[in-house]
Amino acid sequence: QVQLVESGGGLVQAGGSLRLSCALSGSDFSINVMAWFRQAPGKQRELVAAVTTDGQINYADSVKGRFLISRDIPNNTVNLQMNALKREDTAVYYCTAASRTTVAGHFITTHDYWGPGTQVTVSA
């Protein structure tokens, strides 16, 4: 139904910037959130940033003030602008699209889609 492809990863020095892009193809009308996750070797996968279809945004504490998630609705694209990169940002970054809802005050994901990931490496 939906395919996601990330681009823009690469090698950058600490303090530098990268812009990741995620292109969505196909359609699933239940999707109401798109997000970026990342996973570094030996660490758990973590949410980096998310944006809902109505414009609500949240960020992980570790990237607040440095990263910016944005949407390009006509082109079905979500971007992640990463500034002031640190060694700790090194990870594989994944784009996701999901259907989430609130049940008894808790968010649940009914189904989601994942891109193949793009490597971001920050050197000292």
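Residues numbered from 1 in each chain as written. Predicted model: local features only at pLDDT ≥ 70, side-chain atom pairs only at ≥ 80, totals over all residues. Heavy atoms only, no water.

A.B. asks: Help me understand the side chain of Thr-118 in this model?
C.D. replies: Along the polypeptide, Thr-118 turns up in strand β11 (residues 118-123). According to the relative accessible area criterion, Thr-118 is buried, its value standing at 12%. Polar side-chain contacts of Thr-118 include one of 3.3 Å to the backbone nitrogen of Gly-9. Residue contacts for Thr-118: discarding those within four places in its chain leaves Glu-6, Gly-9, Leu-20, Ala-91, Val-92 and Tyr-93. (Helix = DSSP H or I, 4+ residues; strand = E, 2+ residues; numbered from the N terminus. Buried < 20%, exposed > 50% of the residue type's maximum accessible area, 1.4 Å probe, protein only. Polar contact = N/O pair within 3.5 Å; in protein donor to acceptor, adjacent residues only side chain to side chain. Contact = heavy atoms within 4.5 Å.)

A.B. asks: I would appreciate a short explanation of the pairing of strand β8 (residues 77-82) in the present structure.
C.D. replies: Successive side chains on a regular strand alternate, one facing one side of the sheet and the next facing the other. With six of six residues buried, β8 lies mostly within the body of the structure. Residue alternation in β8 divides its side chains into two sets, Thr-77, Asn-79 and Gln-81 and Val-78, Leu-80 and Met-82, and both sets are buried. In this sheet, β8 lies alongside strand β3 (residues 18-26) in antiparallel orientation, the contact comprising six bridges. Bridge pairing links Leu-18 to Met-82 in β8. In this structure, strand β7 (residues 67-72) lies alongside β8, joined through six bridges in antiparallel fashion. Across the sheet, Arg-71 pairs through a bridge with Val-78, a residue of β8. Hairpin connection of β7 to β8: four residues between the antiparallel strands, including Asn-76 at a positive phi of 50°. (Pairing = 2+ DSSP bridges.)

A.B. asks: Help me understand the nonpolar core, please; the structure alone is not making it clear to me.
C.D. replies: When a protein is soluble and globular, its nonpolar side chains tend to lie buried together. One finds Leu-4, Trp-36, Leu-80, Met-82 and Tyr-93 to be the most contacted residues of the largest nonpolar core, which totals 30 residues. Going through the elements one at a time, β1 (2-7), β3, β4 (33-39), β5 (46-52), β7, β8, β9 (91-103) and β11 are the ones with two or more residues in this core. For Leu-4, the residues in contact, after removing those within four places along its chain, are Cys-22, Ala-23, Leu-24, Met-34, Cys-95, Thr-96, Ala-97, Tyr-113, Trp-114, Gly-115 and Pro-116. Membership of the second largest hydrophobic core comes to five residues, among which are Val-33, Ala-35, Phe-37 and Ala-50. (Core = buried A, V, L, I, M, F, W, Y, C linked by side-chain atoms within 4.5 Å.)

A.B. asks: Would you mind going over the pattern of salt bridges with me for this structure?
C.D. replies: Between side chains of opposite charge, pairing is possible as soon as their charged atoms come close. Counted according to the given criterion, the structure contains four salt bridges. Across the pair Arg-38 and Asp-89 runs a salt bridge whose closest N-O atoms are separated by 2.9 Å. With Arg-38 in strand β4 and Asp-89 in the loop between β8 and β9, the pair connects residues that are 51 residues apart, well separated along the chain. Take Arg-38: its relative accessible area is 5%, and that puts it in the buried class. Its relative accessible area of 1% is what places Asp-89 among the buried residues. In this structure, the salt-bridge partner of Lys-64 is Asp-61, at a minimum N-O distance of 3.1 Å. Salt bridges here are not isolated pairs; linked through shared partners, they connect Arg-38, Glu-46, Arg-66 and Asp-89. (Salt bridge = Lys/Arg side-chain N within 4 Å of Asp/Glu carboxyl O.)

The values reported here are purely geometric and, on their own, carry no functional implication.
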